[in-house]
Amino acid sequence: MFTQQLKGSVALWMFIFIQLVIGLEKDGRAVWGKDPSLSSVNETQMFVHDTFPKNFLWGVGTSAFQVEGSQRKEGKGPSIWEHFILSHLRAGSKTDDSSDSYTFWKKDLSALDFLGVASYQFSISWPRLFPTGMVTAVNEKGLHYYNSLLDALVHRRIEPVVTLYHWDLPWALQERYGGWKNESLIDIFSDYATFCFQAFGDRVKYWITIHNPFLVAWHGYGTGIYAPGEKDERAAYLVGHHLIKAHATVWHNYNKHFRPHQKGFLSITLGSHWIEPTKFRDNEDITKCQQSMQKVLGWFAKPIHGNGDYPEELRTELASFLPNVTKTEKDHIKGTADFFAFSLGPNNFTPPRKLPKMGQTFSLDLREVLNWIKLEYNNPRILIAENGWFTNSHVKTEDTTVIYLMKNFINKVLQAIKYDQIDVFGYTAWSLLDGIEWHHTYNTRRGLFYVDFNSKEKERIPKSSAFYYKQIIQENGFPLKESTLAFHNQFPCDFSWGMTESVIKAESVASSPQFCDPNLYLWNVTGDGLFYPVKGVKLKTRLAQCTDFVSIKTQLNLLSQLKITHYRFALNWSLLLPSGDLSSINRQVLRYYRCVISELSKLNIKPVVTLYYPTHRSLGLPGPLLQNGGWINQSTVQAFRTYAEMCFQELGDLVNFWITINEPNRLSDIYNSSSKDTYEAAHNLLIAHALAWHVYNKQYRSFQHGQVSLSLHSDWAEPANPFIDTHWEAAERFLQFEIAWFSDPIFKTGDYPAAMREYLAYKNSKGLSGSSLPYFTNEEKKLVKGAADFYALNHFTTRFVIHESKNGSRYDFDQDVQFLQDITCLNSPSRSAVVPSGLRKILNWIKKHYGDIDIYITASGIDDHSLISDGLRKYYMEKYVQEALKAYHIDKVNVRGYFAFKLADEKSKPRLGFFTSESKAKASVQFYNHLISNNGFPLEPANNVCGQPKEKAPCALCLLLMQKKPLVFFGCCLCCTLILLLSITIFHKRKRRKWYWSKNLKHICVPVKTRQKNVLNQK
C-alpha cells in the first residue's frame, strides 16, 4: 500500500542529497526544493503516531518580567519594561497585576507537578538581583527567592533551564549607558553572568544567555515596538552585534572557569518565523525565502553556530549597517553554543509589516524550520526553548484552539526526529502561566494555567491545554491507538460491494437511431451537404435496444471495469412525472431507467434505486409541487406516495433494494428561513417515506421480495475539546439533531428524540429560541415506527464540535454547536477531514441506539485533486473500510455493505469520482477491485473462500490493445487505406498491362494471317 509513499520520501531526500553534492552544502534553501509529486498521504508527511526518544526533556517556560510581579517589592530595581509600559503604553500601574510568582512560587511548583514536566525554563530578573545592574551588593531577598526555587526544583527532580537575560534590562543601565547600544554592557553582562554561575551553577545544567536577541535588537531599537522603544535601524544592527559579543564572552567565561566542575551546557535562544515561497520550485521566490530567514535567524545563528560572521545575504544588502567583524572576533564568536536553542512563537510573526516577508507566505511549519537549521548549521543538537501560541484575554480555561496548535507543533517535532533524523532533545511549552504579554500587556494570554490577575490569591487553574500537554508528557508523544492499527480479516461472502452515483440524467430519445431507420440515404457532399433518402429503397431494421442510449453504454463501460456487486443511482422525479402526478408519465424516461436496470443485470450487478435525491442546489421536485411550497405542503407527501408506487409497479420486478429519500436530514440547508419550515418539511418527509414503505410492504413485497429504507447523512461528531464537558454534550446534541431526528421515529419510538424536545424547551424557557418540533398523531406514530428494512447511512467525515450558545429560531441555531477544523488531520481539497475511526464510532452509536439491525454504508468517499493517481482516495478507502471491518468483527455490528461514492467526476466540481469526466479510470479503481476480490483485508491472499471464479492473469496483449485503443484503430484504418490504395494500384497496373499487350498482339498477329493467306493463294 505504501510503496508509492516510500518512493516519494526517497525522492525528496534524493533531491536534497543531489543539492548537497552539486555545491549547496549547508544551504537551507534545499528545504524549499520539495518534490511536487510527493503525495499528501505519504507516510512522512502525515500525522505520526509514535513516541519521542527515551529521556526526552519535556519542559515548560516563563520569563521573570511576565510572571514574577512584585515589581517594586523587597529591593527590586526597575527595568526598561516598566518604564516602557508607563511611558509608551500608559499602563504602568498594571505591571504588578501579573501572576506574582515571586510571592506564589510554591503554586508554580504545584502547577509543574500537575504537568509532570522534566524541566522548567525560567529567567532571572537582573534588576531583582542587582537593582542598578552593576554587580555590587546583591539583593539578598532576590537571591533567596531564586535559591529557594532552584532547591525545590532539584528536590522534585525537575531540570532547571535558566535564562540570564529575558529582556528586562535594569533601567539604570539604559539611563546611564544607553542600553545595549553601548559596548560597555558586554563586560557588565559578563559580570552578572559570572555571579549567577557562582551562585546557582551547582544546580543548573542548562544555561541560556539571552532569549531571542532578534526581538531585543530589531523591535527594541529598530521598530520601537519593544522596550526601550527606540527607532533607529542602524542602532538595531549595532545592538545585535553587542548581544552576540556579550553572549560569546559569557560562553568563554563559563567554558573556562565553570564547565570543568559544573559540567553544564550553555547556549543562546534564537527565535524566528518560517516562510514558504509563493511559487514552489521557483528559484527567485526560494531565494527571497532564504534571504528572509537569514535576516532574522541567520543574523545571529550564522556568527554563533556558523563561521563567526554574518550571512552573505545581510553583508550584501546591509553593508553600511552591519559592523565589521575582525578575524579575532570571528574566532571569539563562532562555536559559542553547546546546543541550538530555538524559539517559534507569535512574537516572531508580528507585526507582519515590520518583518522581511518579501512577498512570500508566513507558515507555522516547525518541522521545516528545523530542517533549515539542520542544513544550515550542520545538524546541531536542538532544544525547542519556546513554542506555543496565544488566546484573547477573555479566554479563561477553554483554550481549545491552543490544543490543536500544540498538537500540530509537537507532532512536527516528532516527524523531524523520526523521518528527518534531526537531533531534538527537548521541548519547552510556553508559557506555564498567564502573565503580562510585553507590549500587548494583558490583551492576550499564553499560559497553560489561567490566573485571575485581579484576585488576591492568584490561583493557578489548569486550562484545557494543560490537561492536553500533561497527557502528551505521560504518553511521551502520540503512541499508536487501537483505532490506528491495521486489522486483517474479511467480510462475509454475501457482503455488498457497491458504487453510488447521484441522479442519472436520462435521455428521452436514443442517441443511435440509425439501426431503427429503414431508409437509405445519399449524401449531397458537393452541394448542400444534406442527406436525401433514396426513393423506393427500404432496408431491414432491428428493434430499438437499450444500448442505443450512448449514456447507458458509457456507464456500462465504466461499471464493467469494477468488480462491484451493487450499483446505487437515483431517478429523476421531475422528469418522470413533470406534472407531479400520473397524468403525465414520461414513458421514454421510464424506459431509459428500465434499460439501465436491465443492462446492469447482464453485468451481474444488482441495482439499488433511490427514488428522490435532493441536493443543496436543487430540491429536484416536479415544477407544480415546487410552486405549491414543496415539502412545506402536505400535498407533496401524497404526490411522493403516488410516485413511489408507480416506480415499484414499473421497475420493481428488476429491483430488490430501494432508497426512498436520500439524506432528508440535509434539507435543512434549503428550508432554513425559520425552524418552523425546517421541522415541518422534515415531518412531511418522514410521513412520505413511511407511506411509500407501507405501499411496498402491503402491495409488492410478497412477490417482488425487495427491501426499502431511506438513507441518512451520518457524519460522526467528536468534542473539539475532550477536556470540556460542554463539548461532549454538544457532540451528542449534534448527533441527536442530525441523525436521531429521523432515526428515532423510524427505528425506535415513532417520535422525535426526547433530547431534542428537552433542549428546545430549555432554549424556549431562556428566551433564546421559539422553535418547537411537530407532534405525531397516534396513527402517524404507527405509520412511521418500523418503516424501514435496514439502516442506510452516508458517511464521509468527522466533525469537531464545540458548544456555542446562539439566539434565534432556526434549526442551526437550535443546536448551539460550532465546528472547528483540526489542522493536524489529513484533509481533502474541500477541507473534509479524513478521520477513519469516526465510521466505526457512528456504526457503534447506531447499534447502541437502534439495536442489531442490518446496516448498509450507502455512500462514503472523498474528493481528490489528482486527476489519475488519486492516492488520497485510496488511502481514505483503505482506512475507512478497515474501520467498518473492525466494527463487524470486533464490535459485532451487522454491517452488510459498503458503497463508494462516486462513479465519475463532474466538470467544474470537486473530483469525487473513480473515473474522470472523460471516463478514464483512476488508480482507485484497481485498488477497489483488489479490495473486493479479497473481500476485505485477509492476512494471507484470499483463498477463494466465497467460491468466486479465480481471477485469470490478464493478457498482456489484450491490456495493451485496450490501453492503446485509439492508436490501434488509427493504425487499422491506415493499414486498410494502404491496402486499398495498393489494390487499386495493382488493379490499374494489370489493366494497363493487359491493354498494352492486347494492342501489341493485334499489331503483330494481322501480318501473320495475311502471310498465311498469301501462301495458300500461292498454292
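An account of the accompanying structure is given in this report. Because the structure is a prediction, the values reported are computed rather than measured. (Residues numbered from 1 in each chain as written. Predicted model: local features only at pLDDT ≥ 70, side-chain atom pairs only at ≥ 80, totals over all residues. Heavy atoms only, no water.)

1. Details of the overall build of the protein
From N to C terminus, the protein includes 33 helices and 31 strands. Here the protein has a C-alpha radius of gyration of 39 Å; the compact-globule value for 1019 residues is 31 Å, and the former is much larger. Seen through its principal axes, the protein has C-alpha atoms that stretch 155 × 110 × 55 Å. Per-residue burial over the protein gives 56% buried out of 1019 residues. In the protein, the proportion of contacts linking residues at least 24 apart, taken out of those at least 6 apart, comes to 78%. Summed over its atoms, the accessible surface of the protein is roughly 45200 Å², and 55% of this surface lies on carbon and sulfur atoms. Taken as two groups, the 116 positive and 96 negative side-chain charges of the protein have centres that lie 13 Å from each other. (Helix = DSSP H or I, 4+ residues; strand = E, 2+ residues; numbered from the N terminus. Rg over C-alpha atoms; globule rule 2.2 N^0.38 Å. Buried < 20%, exposed > 50% of the residue type's maximum accessible area, 1.4 Å probe, protein only. Contact = heavy atoms within 4.5 Å. Areas by Shrake-Rupley, 256 points an atom, 1.4 Å probe, with all protein chains shown as cover. Lys, Arg positive; Asp, Glu negative; His and termini not counted. Charge placed at Lys NZ, Arg CZ, Asp CG, Glu CD.)

2. Concerning the pattern of salt bridges
Under the defined criterion, the tally for this structure stands at 49 salt bridges. Linking Lys245 and Glu329 is a salt bridge whose minimum nitrogen-to-oxygen distance equals 3.0 Å. You can see Lys245 sitting in helix α10 (residues 233–257) and its partner Glu329 sitting in helix α14 (residues 327–333), a full 84 residues away along the chain. Each member of the pair Lys245 and Glu329 is classed as buried. (Salt bridge = Lys/Arg side-chain N within 4 Å of Asp/Glu carboxyl O.)

3. Quick word on the sheet that holds strand β2 (residues 119–123)
Pairing is parallel around the closed barrel formed by eight strands, whose spatial order is β1-β2-β3-β4-β5-β7-β9-β11. Between one strand axis and the next, the sheet turns through 25 degrees on average, direction left out of account. Here three bridges tie strand β5 (residues 265–271) to strand β7 (residues 340–344), and the two strands are oriented parallel to one another. Bridge assignment links Leu270 to a residue of β7, and that residue is Phe342. Against the sheet, helix α15 (residues 366–376) makes contact with β7, β9 (382–387) and β11 (424–430), and its axis sits at roughly 150 degrees relative to β7, the strand it touches most. Where helix α16 (residues 400–420) meets the sheet, it contacts β1 (57–61), β7, β9 and β11, and its direction lies at approximately 175 degrees from that of β11. (Pairing = 2+ DSSP bridges. Axes fitted to C-alpha atoms, helices over the stretch in contact; angles between N-to-C directions.)

4. So, the nonpolar core
Within the largest apolar cluster, 152 residues are counted, with the highest numbers of intra-cluster contacts made by Leu129, Trp180, Phe342 and Tyr469. A per-element tally of this core places α16 first, with eleven residues. When residues no more than four places from it in sequence are discounted, the contact partners of Leu129 are Ile124, Ala137, Val138, Asn139, Gly142, Leu143, Tyr146, Tyr192, Phe195, Cys196 and Phe200. In terms of nonpolar packing, the next biggest core, distinct from the first, is built from 137 residues, Tyr592, Tyr679, Ala787 and Phe915 among them. (Core = buried A, V, L, I, M, F, W, Y, C linked by side-chain atoms within 4.5 Å.)

5. Thoughts on the packing of helix α25 (residues 725–747) against helix α26 (residues 754–765)
Running from N to C, α25 and α26 point in directions that differ by 125 degrees, and their axes come no closer than 9 Å. Considered as vectors, α25 and α26 are oriented oblique to each other. In this structure, the crossing between α25 and α26 has a hand that is left-handed. Within the contact between the two elements, α25 uses Arg733, Gln736, Phe737 and Trp741 and α26 uses Ala755, Met756, Tyr759 and Leu760. Each residue belonging to the contact of α25 with α26 can be placed in one class, and the counts come to six nonpolar, one polar and one charged. (Parallel < 35°, antiparallel > 145°, perpendicular 65-115°, else oblique. Left-handed = near helix turned anticlockwise from the far one by under 90°. Nonpolar A, V, L, I, M, F, W, Y, C, P; charged D, E, K, R; others polar.)

6. Description of a nonpolar patch on the surface
Residues Leu967, Phe970, Leu974, Leu978 and Leu981 make up a contiguous nonpolar surface patch of roughly 530 Å² in combined accessible area. Residue position: Phe970 is located in helix α33 (residues 965–1018). (Patch = residues over 30% accessible without salt bridge, like charges linked within 9 Å, V, L, I, M, F, W, Y side chains within 5 Å.)

7. Quick look at the packing of aromatic side chains
Applying the stated criterion across every chain yields a total of 93 aromatic pairs. Between the aromatic rings of Trp32 and Trp274, the centroid separation amounts to 5.0 Å while the plane-to-plane angle is 10 degrees, which identifies the pairing as stacked. With a gap of 242 residues between them, Trp32 in the loop between α1 (3–24) and β1 and Trp274 in strand β6 (residues 274–276) connect regions that are remote in the sequence. Grouping residues by exposure puts Trp32 and Trp274 together as buried. In textbook terms, an aromatic cluster arises when at least three aromatic residues are bridged by ring pairs, as seen for Trp126, Phe130, Tyr165, Trp180, Phe189, Tyr192 and Phe195. In this arrangement the basic side chain of Arg799 is found over the ring face of Phe819, its NZ or CZ atom lying 3.9 Å from the centre. When the ring centre of Phe914 is taken as reference, the NZ or CZ atom of Arg873 above it lies at 5.9 Å. (Phe/Tyr/Trp six-rings, centres within 6.5 Å; stacked < 30°, edge-to-face > 60°. Lys NZ or Arg CZ within 6 Å of the ring centre and 35° of its normal.)

8. A closer look at the state of the cysteines
Taken as a whole, this structure holds one disulfide when the rule is applied. Paired by a disulfide, Cys546 and Cys595 hold their sulfur atoms 2.2 Å apart. Note on the Cys546 and Cys595 pair: the S-S dihedral is about -70 degrees, so by sign convention the disulfide is left-handed. Taken together, the positions of Cys546 in the loop between β18 (531–538) and α18 (550–559) and Cys595 in helix α20 (residues 587–602) put the pair 49 residues apart, joining distant regions of the chain. Given the relative accessible area of 16%, Cys546 is considered buried. Summary of cysteine pairing: Cys647 is not part of a disulfide, and the nearest cysteine sulfur, belonging to Cys595, is at 16 Å. (Disulfide = S-S within 2.5 Å.)

9. What to know about α15
Buried residues dominate α15, accounting for ten of its eleven residues. Among the residues of α15, Leu366, Arg367, Glu368, Val369, Leu370, Asn371, Trp372, Ile373, Leu375 and Glu376 are the ones counted as buried. Near the N-terminus of α15, the side chain that reaches the backbone nitrogen of Arg367, with its oxygen 3.2 Å away, is that of Asp365. Asn378 occupies a position one or two residues after α15 and carries a positive phi of about 60 degrees. (Polar contact = N/O pair within 3.5 Å; in protein donor to acceptor, adjacent residues only side chain to side chain.)

10. A closer look at unusual backbone geometry
The residue after Thr350, namely Pro351, is reached through a cis peptide bond having omega -15 degrees. On the secondary structure map, Pro351 appears in the loop between β7 and β8 (361–363). A cis amide bond links Trp430 to the next residue, Ser431, at an omega of 5 degrees. Summarising the element assignment, Ser431 is placed in the loop between β11 and β12 (444–445).

11. Here's the deal with the sheet that holds strand β21 (residues 657–662)
Strands pair in a sheet through their backbones, by hydrogen bonds, and they do so in one of two ways: parallel or antiparallel. Read around the closed barrel, eight strands run β16-β19-β20-β21-β22-β24-β29-β30, paired in parallel fashion. Put simply, the sheet's adjacent strands are angled 25 degrees from each other on average, direction ignored. Both strand β16 (residues 496–503) and strand β30 (residues 895–901) contribute to a ladder of five bridges, which runs parallel. What sits directly across from Met499, in β30, is Ala900. Against the sheet, helix α31 (residues 923–934) makes contact with β16 and β30, and its axis sits at roughly 140 degrees relative to β16, the strand it touches most.

12. Some details on α25
Given a rise of 1.5 Å per residue, 23 residues ought to cover 33 Å, yet the end C-alpha atoms of α25 are separated by just 29 Å, more than 12% below that figure. In α25, a bend of some 60 degrees at Ala740 exceeds every other bend along the element. Taken across its 23 residues, α25 has 18 buried, putting it largely inside the fold. (Expected span 1.5 Å × (residues − 1). Bend = angle between axes of the 7 residues up to and from the residue.)

13. Here we look at the pairing of β1
The side chains of a regular strand alternate between the sheet's two faces. Burial runs high along β1: five of the five residues are buried. Side-chain alternation along β1 places Leu57, Gly59 and Gly61 on one buried face and Trp58 and Val60 on a second face that is also buried. When β1 meets β11, the two strands line up parallel, connected through five bridges. Residue pairing in the sheet places Val60 in a bridge with Ala429 of β11. Sheet topology note: the β1/β2 ladder contains three bridges and is parallel.

14. So, the packing of helix α29 (residues 837–850) against helix α30 (residues 871–889)
With their axes 7 Å apart at the nearest point, α29 and α30 run at an angle of 35 degrees to one another. The two elements α29 and α30 meet at a crossing, and its hand is right-handed. Within the contact between the two elements, α29 uses Ser837, Leu839, Arg840 and Leu843 and α30 uses Tyr880, Glu883, Ala884, Lys886 and Ala887. Considered class by class, the residues forming the contact of α29 with α30 number five nonpolar, one polar and three charged.

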